[in-house]
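Examination of the molecular architecture
Now for the letters of each chain:
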Amino acid sequence: MISLKAGSFLQNNSTSFSGISSFSHSQRKVSAPVVVALNSNGRGGERKFKALMESTLKEIREGASALDMDPKPNPGAGVEDVYGEDRATEDQPVTPWTTSVASGYSLLRDPHHNKGLAFTDKERDAHYVRGLLPPAVVTQELQEKKLMHNLRQYQVPLQRYMALMDLQERNQRLFYKLLIDNVEELLPVVYTPTVGEACQKYGSIFRRPQGLYISLKEKGKILEVLKNWPEKKIQVIVVTDGERILGLGDLGCQGMGIPVGKLALYTALGGVRPSSCLPVTIDVGTNNEELLKDEFYIGIRQKRATGQEYSELLHEFMCAVKQNYGEKVLIQFEDFANHNAFELLAKYRASHLVFNDDIQGTASVVLAGVVAALKLVGGTLAEHTFLFLGAGEAGTGIAELIALEMSKQTKAPIEETRKKIWLVDSKGLIVSSRMESLQHFKKPWAHEHEPLKTLLDAVKAIKPTVLIGSSGVGKTFTKEVVEAMASFNERPVIFALSNPTSQSECTAEQAYTWSKGRAIFASGSPFDPVECNGKVFVPGQANNAYIFPGFGLGLVISGAIRVHDDMLLAASEALAGQVTEDNFDKGLIYPPFCNIRKISAEIAANVASKAYELGLATRLPRPANLVKYAESCMYSPVYRNYR
Ligand code: NAD
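Residues numbered from 1 in each chain as written. Predicted model: local features only at pLDDT ≥ 70, side-chain atom pairs only at ≥ 80, totals over all residues. Heavy atoms only, no water.

Here we look at the site of the ligand
Residues in close proximity to the ligand total 25 residues, the closest being Arg-244, Asn-338, Glu-393, Ala-394 and Asn-544. The backbone of Glu-393 places a nitrogen or oxygen atom 2.9 Å from an oxygen atom of the ligand. Between the ligand and Ala-394 there is a distance of 2.8 Å, counted from an oxygen atom to a backbone nitrogen or oxygen. Structurally, the ligand is housed in the second largest pocket. The class makeup of the residues in the shell around the ligand is seven nonpolar, 14 polar and four charged. (Near = heavy atom within 4 Å. Polar contact = N/O pair within 3.5 Å; in protein donor to acceptor, adjacent residues only side chain to side chain. 1 Å grid on protein atoms, 1.4 Å probe; cavity = no way out; pocket = protein on both sides within 12 Å on 5 of 7 lines; lining within 4 Å. Sits in = over half its atoms within 2 Å of the grid points. Nonpolar A, V, L, I, M, F, W, Y, C, P; charged D, E, K, R; others polar.)

A word on the UniProt feature "binding site: (S)-malate" (unreviewed entry) in the protein chain
The feature "binding site: (S)-malate" (unreviewed entry), as annotated in UniProt, sits at Arg-244, Asn-499 and Asn-543 in this numbering. From this annotated list, the subset lining the second largest pocket comprises Arg-244, Asn-499 and Asn-543. Along the polypeptide, Asn-499 turns up in the loop between strand E12 (493–496) and helix H22 (508–514). When neighbours within four sequence positions are excluded, Asn-499 is seen to be in contact with Thr-192, Leu-246, Gly-247, Gly-524 and Ser-525. Here Asn-543 is to be found in the loop between strand E16 (540–541) and helix H23 (548–558). Here Asn-543 is in contact with Tyr-191, Thr-192, Val-365 and Gly-524, once residues within four sequence places are set aside. A distance of 3.2 Å separates a polar atom in the side chain of Asn-543 from a polar atom in the side chain of Tyr-191. (UniProt positions renumbered as here; feature names shortened; annotations may be inferred. Helix = DSSP H or I, 4+ residues; strand = E, 2+ residues; numbered from the N terminus. Contact = heavy atoms within 4.5 Å.)

Thoughts on the environment of Leu-455
As for its position among the elements, Leu-455 is in helix H20 (residues 455–462). For the pair Leu-455 and Phe-388, spaced 67 residues apart in sequence, the C-alpha separation works out to 9.0 Å. Beyond its immediate chain neighbours, meaning those up to four positions away, Leu-455 contacts Leu-387, Leu-389, Val-424, Leu-467, Thr-476, Phe-477 and Val-481.

Overview of the packing of aromatic side chains
According to the stated counting rule, one finds 13 aromatic pairs in the structure shown. Consider the rings of Phe-521 and Phe-527, whose centres lie 6.4 Å apart with planes at 50°: the pair is tilted. Positioned over the ring face of Tyr-105 is Arg-109, at 4.1 Å from the centre of the ring. Over the aromatic face of Trp-445 sits the side chain of Arg-418, whose NZ or CZ is 5.8 Å from the ring centroid. (Phe/Tyr/Trp six-rings, centres within 6.5 Å; stacked < 30°, edge-to-face > 60°. Lys NZ or Arg CZ within 6 Å of the ring centre and 35° of its normal.)

Digging into the pattern of salt bridges
Across all of its chains, the model carries 27 salt bridges by this definition. Asp-335 is the salt-bridge partner of Arg-244, the closest N and O atoms lying 2.6 Å from each other. Note that Arg-244 is positioned in the loop between strand E4 (236–240) and helix H13 (257–270) and Asp-335 in the loop between strand E6 (330–333) and helix H16 (338–348), a separation of 91 residues in sequence. A relative accessible area of 27% means that Arg-244 is categorised as partly exposed. Notably, a salt bridge pairs Arg-562 with Glu-327, separated by 2.8 Å at the nearest N-O pair. Taken together, the positions of Arg-562 in the loop between H23 and helix H24 (565–576) and Glu-327 in the loop between helix H15 (307–325) and E6 put the pair 235 residues apart, joining distant regions of the chain. Relative accessible area serves as the criterion here: at 16%, Arg-562 is assigned to the buried category. The structure contains a network of salt bridges with shared partners spanning Asp-241, Glu-243, Asp-250 and Arg-304. (Salt bridge = Lys/Arg side-chain N within 4 Å of Asp/Glu carboxyl O. Buried < 20%, exposed > 50% of the residue type's maximum accessible area, 1.4 Å probe, protein only.)

Brief notes about the sheet that holds strand E13 (residues 520–523)
With mixed pairing, the seven strands of this open sheet are ordered in space as E10-E9-E8-E11-E12-E13-E16. At either margin of the open sheet sits one strand with a lone partner, and together these are strand E10 (428–429) and E16. (Pairing = 2+ DSSP bridges.)

A look at the pairing of E6
Side chains of E6 alternate between two faces, with Leu-330 and Gln-332 and Ile-331 and Phe-333 buried alike. Bridge analysis of E4 against E6 gives four bridges, and the strand direction is parallel. Looking at E6, one finds that Ile-237 is bridged to Ile-331. The pairing of E6 with strand E7 (residues 353–356) spans four bridges and is classified as parallel. Counterpart to Leu-330 in the pairing with E7 is Leu-353.

Quick look at the UniProt feature "binding site: a divalent metal cation" (unreviewed entry) in the protein chain
Sites flagged by UniProt as "binding site: a divalent metal cation" (unreviewed entry) map to Glu-334, Asp-335 and Asp-358. Spanning 25 residues, the annotated positions come together in the fold, the maximum distance between their C-alpha atoms being 6.8 Å. From the list above, the second largest pocket is lined by Glu-334, Asp-335 and Asp-358. For Glu-334, the location among the structural elements is in the loop between E6 and H16. Residue classification places Glu-334 among the buried residues on the basis of a relative accessible area of 1%. Sequence-distant contacts of Glu-334, defined by excluding residues within four places in its chain, comprise Val-238, Val-239, Thr-240, Asp-241, Ile-258, Lys-262, Asp-357 and Asp-358. If we ignore the near neighbours within four places in the chain, the residues touching Asp-335 are Thr-240, Asp-241, Gly-242, Glu-243, Arg-244, Ile-245, Leu-246, Ile-258 and Asp-358. A distance of 2.9 Å separates a polar side-chain atom of Asp-335 from the backbone nitrogen of Leu-246.

A look at the layout of surface pockets
The volume enclosed by the second largest pocket comes to roughly 840 Å³. In terms of lining residues, the second largest pocket is bounded by 42 residues, among which Arg-244, Ala-394, Ser-470, Ser-471 and Gly-472 are the most central. Of all elements in the fold, only H13, helix H17 (357–377), helix H18 (393–410) and strand E9 (421–425) reach the threshold of two or more residues within the lining of the second largest pocket. Sorting elements by how many residues they give to the lining of the second largest pocket places H17 first, with three residues. (Points joined across faces, edges and corners; volume = space filled by probe spheres on them.)

What to know about the packing of helix H7 (residues 157–170) against helix H8 (residues 172–181)
Relative orientation of the contacting elements H7 and H8 amounts to 135°, with a least axis distance of 5 Å. Classified by the angle between their axes, H7 and H8 sit oblique to one another. For the pair formed by H7 and H8, the contact residues are Leu-164, Leu-167, Gln-168 and Arg-170 on the first element and Gln-172, Leu-174, Phe-175, Tyr-176 and Leu-178 on the second. In terms of residue class, the contact of H7 with H8 is built from six nonpolar, two polar and one charged. (Axes fitted to C-alpha atoms, helices over the stretch in contact; angles between N-to-C directions. Parallel < 35°, antiparallel > 145°, perpendicular 65-115°, else oblique.)

Quick look at the structure:
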C-alpha cells in the first residue's frame, strides 16, 4: 500500500510531477503519510522513479480507496494496523521513496529548508505547515538569541556539542548562523577541545550518520558508496582514518567527529557551501583495545590493516573520488598517523588536489604567527633560531615551511636555512649521530651537535628565540624551560600547539607568569586572557582554523587543480597581514576570530592569486578583484524566502 503525504509534491532533479501535487492538495484526508525514500542517484533511479510514479498515479486515479484496502489479513499483527503500513512492508518488498521538494511535515524535518518558527504566515499556508507549528512567527535573530541562551545553560561542554549537532540536523541555516555570529564562543565546542571528547564518546552519542563511512567491507565498492551520498557536487572532502585524533591517539571509526567538525568550519569560517562538503572516515580497524572491547563501538572490530591492504583501500578511495567528482575536488587529509600522513601526501600531491592540514595547514598558521611576532621582537626570519618539541607532522611541517620562507627571503638554499631550526623528539635532540635510526621526515633536521636528552638541555644549548611545542604531550614547557627562554630573550616567542587543552605544553598563565609577562604566547587550544603584573594579556590561538577554510575557498574559487607550497606561503602572508596595531598592543599575533570571514576572504584571494600565477587555476577569466569575488562566493546562512 502506498499513501501520499498530504500537501507534498514530488520532484526528482529535472523531473517534476505536478499531478501528484494537485492530487495531494485536493485529497487532504488521504491516509497516514508513508515517508519513503527512492534512491534516485543517477543510476537508473530516474527511470525507476518515473515508472513508479506513473503506476502510482494510475493507482490513485483508479480510486484512492484502493489504497486503504489490505489484500491479505495478517493474523500475526497484535494491534490492528489501521493504516496498513506494517503489513504491507512485512510480506512484500516495498519501494523506498523520497520527496525532494519538501513541504508540510517533511519540510519541518528537512534540515536544509526548515526554518522552525521563522516560517511566515504566508509560507505556512503555501507549504502546508499551518497548524504544525505554534502560532508565533519569530525572526532568525530571535531564534539565535534563544538558542544561545539555551546553550549557555549547559555546564558540560559535551552537552553543548550535542545540542549544536542536534541543531545542525534540525535547521542547518540556523546552525551556521549561530556558528558565524558567535564564532569565538562556539569554536571550542564544534572544534578542539570539545570535539576531542565527542570523538572519544562518539559510539554513545552517535545519532545520525553525518558523513560517509568507508571500511574494509566496502573494498571494491567505494565508487558505489560515494554515489550513495545525496549531494552530487562535492568541492571539499575531509577524510581521516582516525589513527591520530588530535593528541588523543587512535579512535578508529569514532574519528568521524573531526571531518564533520572541520567541514562545519569550512562553511562557517570559509563560506564553502555545506552541500558541497563531504566528511569521510576510512575504517581499517583500530589498535585501541578499549574501543575494541567497547560494546558501543561503531567501527569494525579488528586491528588496523596496514601495508598493502591499507594502501589498496586508500588508493581505491582516491581514484573513486577523482572519478566521481573530477579533478578539482579538494581532499583534505586529517589526523592520519604520521607514518601514513607523509606518505599519502607525497604519493597523491602530483595527481590530486590534496592538502594535509596537520602538516601544511599548521605550518601556514604558525608561520603567519611567527611573521607577525617579528614585528614585536624585531629581526628577520633568518635572524631567529627555532626549537621544536615534537618532530611529527606538525613539527616538521612547520619547520619546513619556515625554512622555505627563509630561503625565499635570503635566496640561500633550503639546506642552509634548515640549519636555523632544531627539533627534539621523544629520544632527545635530533642530531646527525642519530641519522641511521631516524624516520625519513626527520632526517633533514639532523644537524651536527652532541646528543642531548632533554628539552631543557636543548633550550640551554641551542638558545632558541622561538620555542614551538608540537609533541602532543602536555605540561612539557616546565617552569625551568620557560625561565631559561626568558633568561636569554627579551621577548621569548612561545607556541604551545598541542591539542586538546589537557595536552598543551603549558598554559597561557604559566607562560606569562614564568616569563614575567615578557613572553609572546600562542596556543593550539584556547586560553582565557591572563592578568600578569597589572597588565592583561590576550593569548593568541595558533589554530589551523585560521587557515584551512580560507585556503580551501581560494582553491575552490580559482578551480585549482593542485596545491603548491607557494600557496601555503601566500596564505601565511595574508593572515599575518590581518594583524592590526591594536592587536599587537594586546600581545596578539593573530587577528581576533570574530573577523574570520573577512580574514578567510583575504586568504582565499591570496591563495587564488597564487594559483593563477602558477598556472594551476582553471576558472577563467581570472576575476579582477579576488577579495570581492571570494566574498561574493561565500555561503550565507540567512533564511531564504519561499514562494
Ligand atoms: P605526530 O604524532 O605526528 O607527532 C608527535 C611528535 O612528538 C613525534 O615526533 C613524537 O616523536 C614526538 N613526541 C612524542 N612524545 C614526546 C615527548 N615526550 N617528548 C618529545 N617529543 C615527543 O603528531 P602531530 O600531528 O605533529 O601533532 C602533535 C600535536 O600538535 C597534537 O597534540 C596536535 O593536536 C597538535 N596540533 C596542533 C595544531 C594547531 O593548530 N594548533 C595543528 C596540528 C597539530
